[in-house]
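Report on the structure
One letter stands for each residue in the lines below.
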Amino acid sequence: MDFHHPYKPYDIQLQFMQALYACLEDSKVAVFESPTGTGKSLSLICGSLTWLRDHKRKAFQESVDATCDDDEPEWMIEHAKRESRRAITEKRQELEARLAKIRQEEGRLKQAQDSADRPRKKQRLDDSAPELVDDDDQFVLDDYDSDTDNQKRQNDSGNSDGLSASTLALLERFQGKFSTQKKEKEDDGDDEIKIFFCSRTHSQLSQFAGELRRVTFPSSLPSDLDPESKDDLSKLEERVKHLSLGSRKNLCINPKVRALENNTAINEKCLDLQQAGVAADKKCPFIPSKDDEALALEFRDHALATVKDIEDIAQVGKKLGICPYYASRPVIKHSEIVTLPYPLLLQRSAREALNLSVKGHIVIIDEAHNLMDAIAGIHSVAVSLSQLQTAIGQLTTYARKFKNRLKGKNRNYVAQVIRLDH
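My aim in this report is to walk through the structure given alongside it, one point at a time. A quick note: this is a predicted structure, and the numbers were derived from the prediction, not measured.

What counts as what
- Starting from 1, residues in each chain are numbered consecutively following that chain's sequence as written.
- Note on the predicted model: pLDDT of at least 70 is required for a residue's local features to be given, and 80 or more for side-chain atom pairs to be given and counted; whole-chain, interface and lining totals, by contrast, use all residues.
- Side-chain measures were taken over the full set of non-hydrogen atoms in the model, leaving aside hydrogen atoms and water.
- Each helix is a run of DSSP H or I of at least 4 residues and each strand a run of E of at least 2, with the numbering of both proceeding from the N terminus.
- Here a strand pair is declared whenever DSSP counts at least two bridges between the two strands.
- Only the stretch in contact is used when a helix axis is fitted, and all axes are lines through C-alpha atoms; the angle between N-to-C directions ranges over 0 to 180 degrees.
- For the exposure calls, accessible area comes from a 1.4 Å probe over protein chains only, and a residue counts as buried if that area is under 20% of its type's maximum, exposed if over 50%, partly exposed in between.
- Throughout, a contact is declared for two residues whenever any of their heavy atoms are within 4.5 Å.
- Polar contact is the term for a pair of N or O atoms within 3.5 Å; when the atoms are in protein, one must be able to donate a hydrogen and the other to accept it, and sequence-neighboring residues count only if both atoms are side-chain atoms.
- Here the nonpolar core consists of buried residues drawn from Ala, Val, Leu, Ile, Met, Phe, Trp, Tyr and Cys, with membership extended through side-chain atoms lying within 4.5 Å.
- Criterion for a salt bridge: a side-chain nitrogen of Lys or Arg within 4 Å of a carboxyl oxygen of Asp or Glu.

Considerations on the environment of Ala-415
Examined against the element boundaries, Ala-415 turns out to sit in helix H17 (residues 408-421). Each C-alpha atom of the pair Ala-415 and Ala-399 lies 7.7 Å from the other, and the pair is 16 residues apart in sequence.

What follows is the structure in structure tokens.
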């Protein structure tokens, strides 16, 4: 079997790829171990993507055959198959043509930049100076009702209409609604089997993306689509469609939100800016909306045109002026291989936030010997005595400074937290 390895594979690599292919074909769970320096990443890529393209060809033929009834005359069956093939291939041809155009555009820009500037390291988004806001008003607590007050109010009124906006948002968050935005409508992407590859860090995923750029695979369309056709779509170049996923901290392009630095604070601020009660001029201007469908499609094409790591995806969003965190969600459906760090795959809340489901798909976990430590780290947190003492001092200072600007309930809540820390 030809695994389309960019080099002549060693015997150990062939054994690895053959075992991986057989595992995927039988839908099994397997543990693979290979010595250091044996090209494990390339073996994973070539073995899994070879199987995926083979599977897509079989699925294509099965979908064509399913459109026909064996009881019909032979000429009708052939006509129905031909029309079904044409409908599917035209849809794929349109996407591949768009991606090829983007690749040419990016190639020209890169060539122009290389000729104008000397080679330099890729700039990280962190290099941009965040906008600092020096305003005490941002630290004043919003109106808040505790769970006890909420329960009492519900018992008195029989409904939750009296809840504050912040409490309703909090309840929605616990119910798995991570954004007040409505879920995107189903696009025209093919929800085919895809590969989810996860590792510990984005640095390791970037190295994996570098290996992915080395390989080429034949089209997922059958080579004998239509022998009489002059336009054989199976010869159309079909690059590997890869997407790198990350958290808001990695992908946020809003300077005011990125200035918070802390991952939890960034998540909270991002969600707060999307609340229904927030003024239009205060909301995040980068969140995709229904009016940005053309821009979202352009983001999709740039994300899939070439193999990009997480920093490249962030730069695409920054260049187009659209949030790459939210714009990446619909791109998942068009991807063949998705790379993401452990937390985004292992945490149910993170998968729900990304509208991500791995059911029926292939999951490859790199460096799996770290898996148990990763799970323990995701679902636990260590708090030292010095941190608690610092928190008490900060809360006490806050309570003294803002005691005249806080409403009665909020003063009580802050006092309760201080007593709890003690």
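Regarding the sheet that holds strand E3 (residues 337-341)
The strands that make up a sheet pair up through hydrogen bonds in the backbone, lying either parallel or antiparallel. Spatially, E2-E3-E1-E4 is the arrangement adopted by the 4 strands of the open sheet, whose pairing is parallel. The sheet is open, and its two edges are formed by strand E2 (242-244) and strand E4 (362-365), each paired on a single side. Here the average twist between neighbouring strands, direction ignored, is 20°. Looking at chain direction, strand E1 (residues 195-199) and E3 are connected through 5 bridges and run parallel. Looking at E3, one finds that Phe-196 is bridged to Val-338.

A closer look at the pairing of E4
Here E4 shows one buried face, formed by Ile-362 and Ile-364, and one open face, formed by Val-363 and Ile-365. Note that E1 and E4 share 4 bridges and pair parallel. Looking at E4, one finds that Phe-197 is bridged to Ile-364.

Digging into the environment of Tyr-7
Locating Tyr-7 in the fold gives a position in the segment before helix H1 (11-25). Overall, Tyr-7 belongs to the partly exposed group, its relative accessible area being 47%. As for Tyr-7 and Val-215, which are separated by 208 residues in sequence, their C-alpha atoms are 9.6 Å apart. Setting aside residues no more than four positions away along its own chain, Tyr-7 makes contact with Leu-42 and Arg-214. At a separation of 3.2 Å, a polar atom in the side chain of Tyr-7 contacts the side chain of Arg-214.

Some remarks on the nonpolar core
The biggest cluster of nonpolar side chains holds 40 residues, and the ones touching the most others in it are Leu-243, Leu-245, Phe-299, Tyr-325, Tyr-326, Ile-332 and Leu-340. Per-element tally for this core: the top contributor is helix H11 (residues 310-320), with 5 residues.

Some thoughts on the pattern of salt bridges
One pass over the full model with this rule turns up 17 salt bridges. Residue Lys-241 pairs with Glu-96 through a salt bridge whose shortest N-O separation is 2.5 Å. Pair noted here: Lys-241 is in the loop between helix H6 (202-212) and E2 and Glu-96 is in helix H3 (residues 74-116), with a separation of 145 residues, a long-range link. By the burial criterion, Lys-241 is buried, and Glu-96 matches it. Salt-bridge contacts for Glu-106 lead to Lys-308; the nearest nitrogen and oxygen are separated by 3.1 Å. Highlighted residues: Glu-106 in helix H3 and Lys-308 in the loop between helix H10 (293-305) and H11, separated in sequence by 202 residues. When salt bridges with common partners are traced through the structure, they connect Arg-53, Lys-56, Arg-92, Glu-96, Glu-192, Glu-238, Lys-241 and Glu-336 into a single cluster.

Focus on unusual backbone geometry
One non-glycine residue, His-4, adopts positive backbone phi at about 60°. Tracing the backbone shows His-4 in the segment before H1. The exposure class of His-4 is partly exposed, given its relative accessible area of 24%. Positive phi outside glycine occurs at Asn-355, with the angle close to 55°. Mapped onto the elements, Asn-355 comes out in the loop between helix H14 (348-353) and E4.

Brief notes about the environment of Ile-88
Here Ile-88 shows up in helix H3. Taking the C-alpha atoms as reference, Ile-88 lies 9.6 Å from Leu-221; in sequence the two are 133 residues apart. If near-sequence neighbours (up to four positions away) are discounted, Ile-88 is found in contact with Phe-60, Ser-63 and Val-64.

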